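# Architecture and fold: a report
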Amino acid sequence: MLSHSLSQMLAFDAFILNEDRHTNNILFLYDSVTKIWKLAPLFDHGLSLLSDIKDYPLNIPISILKRKVKAKPFSSAFSKQLALYQGDPFIKRNLLVQKLEEAPYHLNRAKDVVLSQLQERSLQRLIID
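Quick caveat: nothing in here was measured; it's all calculated off a predicted structure.

## Some points on the packing of aromatic side chains
- A complete count under the given rule lists two aromatic pairs for this structure.
- Aromatic side chains Tyr30 and Trp37 sit 4.8 Å apart centroid to centroid with 45° between the ring planes, which places their arrangement in the tilted category.
- Given the relative accessible area of 40%, Tyr30 is considered partly exposed.
- Taken together, a centroid distance of 5.4 Å and an interplanar angle of 80° make the contact between Tyr85 and Phe90 edge-to-face.
- We classify Phe90 as partly exposed; its relative accessible area is 24%.

## Some words on the nonpolar core
- In this structure, Phe15, Leu50 and Leu126 are the most contacted members of the largest nonpolar core, which totals 22 residues.
- If you list the elements that add at least two residues to this core, you get α1 (2-16), α2 (62-65), α3 (78-83) and α5 (109-119).
- In terms of residue count, α1 provides more of this core than any other element does, four residues in total.
- Sequence-distant contacts of Leu126, defined by excluding residues within four places in its chain, comprise Ala11, Phe15, Leu82, Tyr85, Pro89, Phe90 and Ile91.

Criteria and thresholds
- Numbering of residues begins from 1 in every chain and follows the order in which that chain's sequence is written.
- With the structure being a predicted model, the display of local features is reserved for residues of pLDDT at least 70 and the display and counting of side-chain atom pairs for 80 or more, all residues being used for whole-chain, interface and lining totals.
- Computation of side-chain values covers all heavy atoms of the structure but excludes hydrogens and water.
- The rule is short: rings of Phe, Tyr and Trp, with Trp giving its six-membered ring, pair when the centres are within 6.5 Å, and they are stacked under 30 degrees, edge-to-face over 60, tilted in between.
- Remark: exposure states derive from per-residue accessible area (1.4 Å probe, protein chains only) relative to the maximum for the residue type, with buried under 20%, exposed over 50%, and partly exposed in between.
- By nonpolar core is meant a set of buried Ala, Val, Leu, Ile, Met, Phe, Trp, Tyr and Cys residues that side-chain atoms within 4.5 Å join together.
- A helix here means a DSSP run of H or I that spans at least four residues, while a strand means a run of E at least two residues long, and both kinds are numbered starting from the N terminus.
- Residues count as neighbours in contact if any of their non-hydrogen atoms are within 4.5 Å of one another.

Functional significance is not addressed by these values, which are geometric in nature.
Here's what the structure looks like:
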């Protein structure tokens, strides 16, 4: 169960292009009653979706910028991390698009990056249509 959670986290990081996953933001919780370890809820996604405009300028197409993003901590390639995930799809395309459209504020480039990721062939096995 723990390996599934870890591989799903890495697959999600590939989807959101999270370049800031490191060992200080991977936490585990231990239930002393059941004696079971589980992955803590994910946090620290500040360097996702090409948000650092110093490294990913707004005037360069998303398709080009996505090639520059490096994964962490287990591999520098999101494709290698994505290959670890063998589970079922878990990203609900329709719900995600609906939430993007209903957002009460402008999502700037983040929305465009998510929509681009929804079209990526390598990520289709994560997506529920």
